[in-house]
Each structure stands twice: as C-alpha cells, then as structure tokens.
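# Topology and contacts: notes
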Amino acid sequence: MKPYSAWKVFVNGMNGQKGWTRAWRDPEPKKEYDVIIVGAGLHGLATAYYLAKNHGVTNIAVVEKGWLGGGNGGRNTTIVRSNYMMPGNREFYEHSLKLWENLSHDLNYNVMFSQRAHVSLLHSPAARDAAARRYNTMRLTGTDGELWDLPTLRRNIPHLNFDADARFPITGAMVQPRAGTARHDAVAWGYARGADQYGVDILQNREVIAVHRDSGKITGVETTRGLIKAKKVGFAVAGNTSRLWRMTDLGQLPIESHKLQAFVSEPLKPLLDHVVVFGVGGAHFYISQSDKGGMVFGGDLDWYKSYAQRGNLPIVQDVAECATSVLPCLGRVRLLRHWSGVMDMSMDGSAFICKTPISNLYLNAGWNYGGFKASPASGWFFADLIANDRPDPVIQNFTLDRFSRGINIDERGAGPDPKLHG
Amino acid sequence: MLRIQCPFCGLRDHSEFSYGSDASVEYPPLDGSQEAWHDAVFQRENIDGVQFETWQHTLGCRMWIVVERNTRTHDILSVRPAHDGIAQALNPSLMIEPDQ
C-alpha cells in the first residue's frame, strides 16, 4: 500500500479518483497467531499498531464482532485532553496527548486533530480554587493549563451566557490550550490501515463466543466463524468487558456497564472555536463544533445500568437545558441525530491495563467516559504490557487489585459507585 | 422513558426514581472479612439480561424498591418493596392486629 500524499490527491483528482486502493485487507484467518486482540475499536487497533511498530510483533489478529470502530469508537464526542491530577492518570493522559499531536503524521492518515482548547467554565470562588489546585499540579508534573479571568473568557467566547442573572453566573474558566477534538472514524481507520500495513489481520464479523484453556493458559478463542489459536490474548472490549470476562471463569470485575448519550445538531456556520464544558450544581455538559458544522455535545450517563445502545428521554431534556443555559443562541437549533454507547464504568472512574490471573491473558478495560482521548496511550502501554509481560511504571496501578490494596485512582472523589464517575 | 410501577404510588416515570445498584449483592456482617467486604463493595457480576436492582422513589414516596429488569431491552418484569417487613405491612392478610 502506497502512502497518502498531497501529490496523490492531485493525481487522483485528475484521473477521476480511480487510483485509490482499499485501505486494509479482509483476510482469511491463519490457524494460529502470536497475539490475538479481541475488539477492533480504537484501543484494540492502536494496540495492534504499536505491537507491530514498537515491538516488532506482527503475527497478530484483531477479532471484532461487528465492524471496526463500530462500538464506542463511533459513539463519542471526540474530546481529547490531559487535564488529570491523580498520579498515574496525569502521566498517562499527557503521553496520550503527545501521541495525538503527531498521530496524523505517524499514521500517514489525517485524523483531523484540532488543538482548539478545552474550556471548563467556573462559577464560584471554590471552583476557581479547585481549578487552580488541579492546574498547578498539572504544571508541576509536565502538563500545561491556564486559568482565564472573565475578560479573557469574554474575548475568546463572546456568546456564552454571561448574564449576571444566570442561575450559575460564569466567573472564569480553566483552560487547556493543547486539548481539542479529532475525527473519530479517521482514528479507527488510520490505526486499522497502519496495523494492516505491518501485516496485522483485522477479522471483522467474528464474535468471540468462548475462550479455550489448557493447563491454566489460554490456547485460543472460539469465534462465530471458527477456532483461532493464540500464544497471547488481549481483551479490549470496553462496554462488554464483563460479558467476555465471564468466558474466562475468573469471577467478577469492578465494572458496571452504563450508557452514555451524545448528540449532534444540524450543521451551522462557524460558531464555536473551542470545546466548552459546563459542570455545576449537578449539571454536566460539553460541546464543540465539528468541521462539518454540527454542534457535537453530551452530558451525563442515563443513571441506570444498561447494555442497550439507546438512550432515554430525561437526559435529552437535561442536556438541552444545559445547552440553552450556557449558549442561549442554540435555542432554535434542531437536533440532527443522537446515539448512545455502552461504557465500562469502573469503581473509581479509572481504567485497567493489566495482567490477569491467566498468565497469557491481558486486560484493557474500564474506560468510563474517557476512552476516546486515551486510545493512543492505551494502545501504546497495552502493547508494551503484552510484548514485555510487565507493566510500564506509568500504568503500574491500572490493575484490578488496586481496590483491595487501597490505592484507588478516584479522580472525581465520588467513591465506589460506578454511575457517579464522569 | 421507563415506567416503573411503584408498589406505593402506582405507575410513574423513571425520572422520579434514582437507580441504586445490583440488588443481588449481599453485604457481609460489619465484622466480616476484608475480602468479603471488598467483593461486596467493588466486584459486580454486571449482568447482561434480567437482573434484580434497587431503585429509590426519590421524588415520590422515597421508598426503596426492587425492580426486576432486563438490562439489554429495559423491559421491567416485576417490582416489589425492598424491605420484606413493608411488603407484609402492605398486605392486610399478613397484618398483625394491634392489642385492644
């Protein structure tokens, strides 16, 4: 497969777009692989890509029950940021943001990463103090961030609701200028194409229905279209982790599946240059404008456990109320689509990239709301874990036993109630 | 909108209720082992299918109820009060007559 370039866009523009070839193969599976990754979402595809690129492991299959990027990879609001405070999280997400910054070049695929700044609105002195603490911690540990006063915020986003009579008057914002958005499908396609170029087999429409074990080790996975053997297996199926985990007979996980809705409006002319986040008094709302002009936004979980990929009306109302309270100019904008994804909500709101009680089984799970921005680093560190059979120090506490060891990574301080971790 | 048949108030929108948790979790005694408490607090079966779960009728009678619901389809199969004593009190045939 030839690399994409501006020259090829020009040449194919002159010959009726006839020179393009398919971006990845649709191969028949081999009998055995060195590594099988279950789940061709952003995390699984990134893992295969970095296993091949960083560790020279190329005899890999990525097994997917539907089509690649068809789960949460295609159901998010595409926000990328690294404004985390807890040890482990901040290093992990900052590494991810650095990978995002060069991802289009690395993959030779335009993921349309746009560092348009992530602006979290502040509404009280207490919120400003908490933001200052978070951003000072970030700046001391290698990430960047800024606090904006009201005049700066007004200058940058003049059409927010700055009314002093607002239920929650805006007093400023905490901002990460390097944060932004990316094109979610392009990330899946870019990683798929990149992995495929190293010889990784992406096997779509093959649901894993059983896991074969022999003398304590996994020998392969049974799929709806036959058995595939493997020396090592990695699970990367956030949303359905518990279902797959049951096949291993390893007991329960600190995860509940909840659903999160997202929305896109009809396309508008350029209106919003930043990612804006509104979270106060029980409200939770985030919004950006896509390159096609649609306002992309979302809010809270639906508040009850679910595996159904469809949302419910009370949250639609909540999100619409947030939208019009922050950006009153959206009052007459019509909704184009809305959808829902199933989240692995963990007991402390943080993820798992870890070994398991089975020596050749590895787990990547528990991404809560935050899986999209995490996908490059998730693939990077999961690949490192699978290749070297030991965790990198950055992910050393992304383990299943952190609750029994009392080292929870509870960024929000919400306690062991999965639905409260946003 | 889910509609939940509250045993005390009748059929109501689920936005009046708040979801609790998996009702099958059994909490150990207060002096139970650390492992037992760890499993009860942190580990979940995370059922895909029919599960029993607790809800509170927060904007109604504020009673806790147990709902049997399919987590794949959202179909509600049964609802009962969370506390057996209240269930008994609701059923007059089980009520104990107060002493005269």
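Please refer to the structure placed before this passage.
Residues numbered from 1 in each chain as written. Chains lettered and ligands numbered in written order. Predicted model: local features only at pLDDT ≥ 70, side-chain atom pairs only at ≥ 80, totals over all residues. Heavy atoms only, no water.

### Focus: helix H2 (residues 42-55) of chain A
Residue and element names in this part refer to chain A. Here is the rule we go by: Counting from the N terminus, the helices are the DSSP runs of H or I reaching at least four residues and the strands are the DSSP runs of E reaching at least two. Helix span, as expected, comes to 1.5 Å for every residue beyond the first. Three exposure classes are used, based on accessible area relative to the maximum for each residue type with a 1.4 Å probe and protein chains only: buried under 20%, partly exposed in between, and exposed over 50%.
In this model H2 runs 19 Å from its N-terminal to its C-terminal C-alpha over 14 residues, within 8% of the 20 Å that 1.5 Å per residue would give. Most of H2 is tucked away, with eleven of its 14 residues classed as buried. Every buried residue of H2 is accounted for by Leu42, His43, Gly44, Leu45, Ala46, Thr47, Ala48, Tyr49, Tyr50, Leu51 and Ala52. Just downstream of H2, Gly56 is the residue with a positive phi angle, here 70°.

### Here's the deal with the environment of Ile157(A)
Residues and elements named next belong to chain A. Residue position: Ile157 is located in the loop between helix H6 (150-156) and strand S6 (172-176). Its relative accessible area of 1% is what places Ile157 among the buried residues. Sequence spacing of Ile157 and Val276 is 119 residues, and the spatial spacing of their C-alpha atoms is 9.3 Å.

### Notes on the sheet that holds strand S6 (residues 76-81) of chain B
All names here are of chain B. This is how it is decided: Strand pairing follows a simple DSSP-based rule, namely that at least 2 bridges must link the two strands. To get an axis, fit a line to the C-alpha atoms, keeping to the stretch in contact for a helix; angles then go from 0 to 180 degrees between the N-to-C directions.
In spatial order, the strands read S3-S4-S5-S6; together these four strands make up an open sheet with antiparallel pairing. Looking at which strands have only one partner, the edges of the open sheet turn out to be strand S3 (18-22) and S6. With strand direction ignored, the average angle separating the axes of adjacent strands in the sheet is 30°. In this structure, S3 lies alongside strand S4 (residues 50-56), joined through three bridges in antiparallel fashion. The residue of S4 that forms the bridge with Asp22 is Glu53.

### Observations concerning the nonpolar core
All names here are of chain A. Our working rule: Residue types Ala, Val, Leu, Ile, Met, Phe, Trp, Tyr and Cys, when buried and joined through side-chain atoms within 4.5 Å, form a set referred to as a nonpolar core. Between two residues, a contact is recorded if the distance between any of their heavy atoms is within 4.5 Å.
Leu45, Phe92, Trp100, Val187, Tyr191 and Ile353 are the most contacted members of the largest nonpolar core, which totals 54 residues. Elements represented by at least two residues in this core include exactly strand S1 (32-38), H2, strand S2 (60-63), helix H3 (89-101), helix H4 (103-107), helix H7 (184-197) and helix H10 (371-388). Excluding anything up to four places from it in sequence, Tyr191 contacts Leu45, Ala46, Tyr49, Tyr50, Leu103, Leu107 and Pro376. Ranked by size, the runner-up nonpolar core spans 29 residues in total, among them Val63, Ile228, Phe235 and Leu361.

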